[in-house]
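Observations on chain architecture
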Amino acid sequence: MQESFPIPSKPSFAKVSRNRRLFRKRIVPWLFVLPVLSLNVLVVLGPALSAIYYSLTDWNGIGAPEFIGLENFRRMLFDDTSFGRAFLNNLIWMAIFLTVPVTLALLAATLLARIRRGAMGFRIALFIPYVLPAVITAFAWRFLMSPTFGLGAQLAKLGIPGLDQAWLGKPETSLFAVAFVDNWHWWGFLMMLFLAAMQNVPPELYEAARIDGASRWDEFRNVTLPGIRPTLIFMLLMTAIWSFLAFDYVWILTRGGPAGSSEVLGVLVFKAAFSNLESGYASAIGLTLSFFTLLIIGLFVMLRRRGWEI
Amino acid sequence: MKASRFVPAAFAITLLAGACAAPSVAPAAPPAQAPAAEQAPVAGAASGEKVKITHWFNITDGGEMANCIIDNIVKPFNAQNASIEVEAVTMANVWDASKTAIAGGAGPDLFDTPGPSYALAFARAGQLVPLDEYAKKYGWGERFAPWALNLGMVDGKLYSLSTEVETVVLYYNKTLFEQKGWTPPKTLDELAALAEAAQKEGIIPFASGNAEWKGVNEWLVGEWFNRIAGPQKVYDALTGKAKWTDPEFVKAVEMLTDMQRKGYFMGGLEKYYTATSDEFHSAFGSGKAAMNIEGTWFLPFIDNFFGEKANNTNDWGWVPMPSQDGKPLFNMAVGSTYSINKNTKNPDAVAEYLNYLFLPETQASYLTKCGLAPAAVKLDAASLQGLDPRRIEVLETLDRAAREGGYGYTTWTFWPAKTNTYLIEEIEKVWSGAITAQQYLEGMQKLFDEEVKAGAIPPIPVR
């Protein structure tokens, strides 16, 4: 009788190969992402989650926070009249920035796209305001808008009255005056993006349109706009989000005044945290800002799912 | 809120410490737990290495003052002290940076806050080292005016030392006044009549503006509170014996609002909101504006707007801000506070540096070399030689008034943080007509009550 020995089982080549594939497919990508992910958890997710906690506390930013539930949100929505005013100002700000700089940038990009000689000079001239520090731009415009020394005052001396107004000093014009200055620095950047997008539109499409007898307006409407739609929509989305983050120009030019007329949510957060030592309340406002931002992103996602080409 | 000024204050206060002793109530250097017992000894000194401590300086205003202090105060200390090296770090928005750093367990070893109410919050949060043992060791109780030392007391312990002593006065364009035959006003009625007369002649009554610093609002509100309602009434409200909604305060806000709406300040609210400090100081120096209600921090810089430097032939003068009865009344203030950061590894070294900063000779250097107002410590008159006699005059008048109880309370030193911010921000809504004086003060009272409940009211010197 022949003696039988158990044959040790060996993993088949196919099985090893499958495990390696799974490792490479499932694990290796995570290993690559891990450093960045860890950093993100540390500097983004961690503070974001702690902001949620602090928004539910009475905290002066230095001592131990005291849990007070939704009191900060109740106060923000029902007691603090500054919040409603600031929120409305943010909406006005968004409406301005979704229209004025976008229109200007589209117009300028369309015109510049056809210029060959001196194009770079124009582009640099229009782009320079974007690279100037906000504080320089704001100080320069505060002087230019001065009712005593500014452009309006100089024009009035030359016999052209009407513009020597305290644009930053009137409650009815202060927000628009600040938005004007911010827009002055911003629209050149937008124009450069649109210009870059326009240069990727195939020239044949324009030639075909011209052969079909299209006017300049028809070309713009039926060739240029569809051609740059992804860039345009992306910038509209980002502009809407950034509108809720407005702070620097408002702070430098008016501090939210006069009489709260140019106050935006970003300024309220700063005042709550640094002037009033109310970091818990500032977190609640900040969290609300994030909520509005998510709302805008959600709206775009929803429209895209419904088939909008954005 | 400190920083209620564009430039640092400077007036000699040789006698101030003694003069202001009367209003104080709390013990100047109360017994407390020994901080030294909890702290590490000055490390490194024995090994011959210098112990390094940090002091952060604000350069948001350009850094001229910070550099002057570093050159004339910090560097001499480093040169003469064998065991401690102070590292002077300059940065913009130093208050925001240090507040955040300290909350995160770091920050400068010597901690500078904008005023006693902010130091109070940090002390309550356990972020500051008690100074009582150091006060005993270095004799701060004898050196400081008790009222100023008491501003740093929290729950019976000393946590901060107040820096520059400030007050608000009425500057006037002397040359213009002589030309027009005007007399500097002593009473509020005279002030109102003069403002009306100036406006009729096309002259701006008061050079003013808050385009760069909203705190200008509180200079005005604080002055009107103390002058219309009276310092006793302000004291009563700060200590909870009276309400901010009482008729005297309503009257004060309404009178100030009336003057703002008449365009007495810079020619109208719109111009007040857009005028920078250079702009309104230039208008004052050139004679376009007759008067300027501002703190003593303007004194070292006033000559930039008069005479040769400003390309005019005008001169200036000053009087105490007019009061109801004509008696001089000065609202007392301190510029900022210094404390020892709880996170420091070398509290003893910081205390030694702190002691140096408040030595009479160091304070005299602050004043004579950098123009910065001294703290409420006794200075040697001989060390103030060479100062403008008008500054000395401010000192003497302030001294006399303080002896006779003629002092009031500035908002940035004695108001709690939230109420103070409200006072500054919301007054513009009264001026614009969005709310009434009564509504404004009701809002202030509500916040004040909350802050009383939270124990956020800084020590108030009694009358």
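Predicted, not measured: the structure shown is a model, and the values here were computed from it. (Residues numbered from 1 in each chain as written. Chains lettered and ligands numbered in written order. Predicted model: local features only at pLDDT ≥ 70, side-chain atom pairs only at ≥ 80, totals over all residues. Heavy atoms only, no water.)

1. Focus on the overall build of chain A
Helices and strands together make up the secondary structure of chain A, namely 13 helices and two strands. The C-alpha atoms of chain A give a radius of gyration of 28 Å, which is well past the 19 Å a tight globule of 310 residues would have. Taken over the C-alpha atoms alone, chain A extends approximately 125 × 70 × 35 Å along its principal axes. The buried share of chain A, taken over its 310 residues, is 41%. Within chain A, counting contacts between residues at least 6 apart in sequence, those at least 24 apart form 66% of the total. (Helix = DSSP H or I, 4+ residues; strand = E, 2+ residues; numbered from the N terminus. Rg over C-alpha atoms; globule rule 2.2 N^0.38 Å. Buried < 20%, exposed > 50% of the residue type's maximum accessible area, 1.4 Å probe, protein only. Contact = heavy atoms within 4.5 Å.)

2. Quick notes on the domain arrangement of chain A
If you check the domain split of chain A, you get domain 1 (1–48) and domain 2 (81–305). Taken over C-alpha atoms, the centre of domain 1 of chain A sits 49 Å from the centre of domain 2 of chain A. (Domains from an automatic or database assignment.)

3. Quick notes on the interface of chain B and chain A
The interface of chain B with chain A comprises 29 residues on the first partner and 29 residues on the second. Where chain B meets chain A, there are two salt bridges. Lys-418 of chain B is the salt-bridge partner of Glu-278 of chain A, the closest N and O atoms lying 3.1 Å from each other. For the interface between chain B and chain A, the tally reads eight residue pairs in polar contact (both at pLDDT 80 or more). Counting residues per element, the ones that place at least two in the side of chain B that touches chain A are helix 4 (94–103), helix 5 (116–124), helix 14 (269–274) and helix 20 (417–432) of chain B. Broken down by element, the side of chain B that touches chain A gets its largest block of residues, eight residues, from helix 20 of chain B. (Salt bridge = Lys/Arg side-chain N within 4 Å of Asp/Glu carboxyl O. Polar contact = N/O pair within 3.5 Å; in protein donor to acceptor, adjacent residues only side chain to side chain.)

4. Quick notes on the domain arrangement of chain B
Residue and element names in this part refer to chain B. Considered domain by domain, chain B is made up of domain 1 (17–164 + 335–404) and domain 2 (167–331). Using only C-alpha atoms to locate each centre, domain 1 and domain 2 end up separated by 31 Å. Across the boundary between the two partners, domain 1 contributes nine residues, which contact ten residues of domain 2. Seen at the junction of domain 1 and domain 2, the total is one salt bridge. With a shortest N-O distance of 3.0 Å, Arg-390 and Asp-315 are connected by a salt bridge. Residues of the side of domain 1 that touches domain 2, tallied by class, amount to three nonpolar, two polar and four charged. (Nonpolar A, V, L, I, M, F, W, Y, C, P; charged D, E, K, R; others polar.)

5. Quick word on the sheet that holds strand 10 (residues 289–295) of chain B
The pairing of strands in a sheet happens through backbone hydrogen bonds and is either parallel or antiparallel. Residue and element names in this part refer to chain B. Across the sheet, four strands lie side by side as 9-10-8-11; this open sheet has mixed pairing. Single-partner strands in this sheet number two, and they are strand 9 (204–206) and strand 11 (316–320). With strand direction ignored, the average angle separating the axes of adjacent strands in the sheet is 25°. In this sheet, strand 11 lies alongside strand 8 (residues 168–173) in antiparallel orientation, the contact comprising five bridges. Across the sheet, residue Val-169 finds its bridge partner in strand 11, namely Pro-320. The sheet strands contacting helix 10 (residues 188–200) are strand 8, strand 9 and strand 10, and the helix crosses strand 9 at an angle near 155°. Sitting on the sheet, helix 11 (residues 216–229) is in contact with strand 8 and strand 10, with an inclination near 85° to strand 10. (Pairing = 2+ DSSP bridges. Axes fitted to C-alpha atoms, helices over the stretch in contact; angles between N-to-C directions.)

6. Focus: a nonpolar patch on the surface
Residue and element names in this part refer to chain A. There is a patch of nonpolar side chains on the surface, built from Phe-23, Ile-27, Trp-30, Leu-31, Phe-32, Val-33, Leu-34, Leu-37, Val-41, Leu-45, Leu-49 and Ile-52 and spanning about 1200 Å² of accessible area. By the element assignment, Leu-37 lies in helix 1 (residues 13–54). Residue classification places Leu-37 among the partly exposed positions, given a relative accessible area of 34%. (Patch = residues over 30% accessible without salt bridge, like charges linked within 9 Å, V, L, I, M, F, W, Y side chains within 5 Å. Areas by Shrake-Rupley, 256 points an atom, 1.4 Å probe, with all protein chains shown as cover.)

7. Some thoughts on the environment of Ala-109 of chain A
Residues and elements named next belong to chain A. Examined against the element boundaries, Ala-109 turns out to sit in helix 3 (residues 81–113). Look at Ala-109 and you get buried, because its relative accessible area is 0%. Taking the C-alpha atoms as reference points, Ala-109 and Met-198, 89 residues apart in sequence, are found 8.0 Å from one another. Setting aside residues no more than four positions away along its own chain, Ala-109 makes contact with Met-191, Phe-194, Leu-195 and Met-198.

8. Comments concerning empty space enclosed by the protein
For the coordinates displayed, the defined rule picks out three cavities of 30 Å³ or more. Here the largest cavity is characterised by a volume of approximately 130 Å³. Around the largest cavity, the lining is made up of 14 residues, and of these Leu-168, Leu-253 and Thr-254 of chain A together with Ala-211 and Tyr-273 of chain B lie nearest the centre. By residue class, the composition of the lining of the largest cavity is six nonpolar, five polar and three charged. (1 Å grid on protein atoms, 1.4 Å probe; cavity = no way out; pocket = protein on both sides within 12 Å on 5 of 7 lines; lining within 4 Å. Points joined across faces, edges and corners; volume = space filled by probe spheres on them.)

9. Points about the packing of helix 3 of chain A against helix 7 (residues 174–198) of chain A
Residues and elements named next belong to chain A. For the pair helix 3 and helix 7, interaxial distance at closest approach is 7 Å and the crossing angle is 40°. Considered as vectors, helix 3 and helix 7 are oriented oblique to each other. Two packed elements cross with a definite hand, and for helix 3 against helix 7 that hand is right-handed. The class makeup of the residues in the contact of helix 3 with helix 7 is 25 nonpolar, three polar and one charged. (Parallel < 35°, antiparallel > 145°, perpendicular 65-115°, else oblique. Left-handed = near helix turned anticlockwise from the far one by under 90°.)

10. Details of helix 12 (residues 231–238) of chain B
Residues and elements named next belong to chain B. Across the eight residues that make up helix 12, a large majority, seven, are buried. Residues of helix 12 that are buried include every one of Pro-231, Lys-233, Val-234, Tyr-235, Asp-236, Ala-237 and Leu-238, and no others. Where helix 12 is buried, its residues touch helix 11, helix 13 (247–261), strand 14 (407–409), helix 19 (411–414) and helix 21 (437–453).

11. Observations concerning the pattern of salt bridges
Opposite charge on two side chains permits them to pair, given that their charged atoms come into close proximity. Residues and elements named next belong to chain B. Here the structure, examined in full by the defined rule, presents 23 salt bridges over all chains. Between Lys-180 and Glu-201 there is a salt bridge, and its shortest N-O distance comes to 2.8 Å. Within this pair, whereas Lys-180 is found in helix 9 (residues 174–180), its partner Glu-201 is found in the loop between helix 10 and strand 9, the two being separated by 21 residues in sequence. Residue classification places Glu-201 among the partly exposed residues on the basis of a relative accessible area of 43%.

12. Focus on the packing of aromatic side chains
One pass over the structure, following the stated rule, counts 53 aromatic pairs over all chains. Aromatic pair Tyr-422 of chain B and Tyr-440 of chain B: ring centres 5.6 Å apart, planes at 15°, arrangement stacked. On the criterion of sequence distance, the pair formed by Tyr-422 of chain B in helix 20 and Tyr-440 of chain B in helix 21 is long-range, its members being 18 residues apart. The buried category is assigned to Tyr-422 of chain B, whose relative accessible area is 15%. Among the aromatic residues, ring-to-ring pairing joins Phe-83, Phe-87, Phe-244, Phe-291 and Phe-292 of chain A into one connected group. When the ring centre of Tyr-281 of chain A is taken as origin, the NZ or CZ atom of Arg-75 of chain A, which lies over that ring, is 3.7 Å away. Over the face of the ring belonging to Trp-316 of chain B we find Arg-390 of chain B, whose NZ or CZ atom lies 3.8 Å from the ring centre. (Phe/Tyr/Trp six-rings, centres within 6.5 Å; stacked < 30°, edge-to-face > 60°. Lys NZ or Arg CZ within 6 Å of the ring centre and 35° of its normal.)

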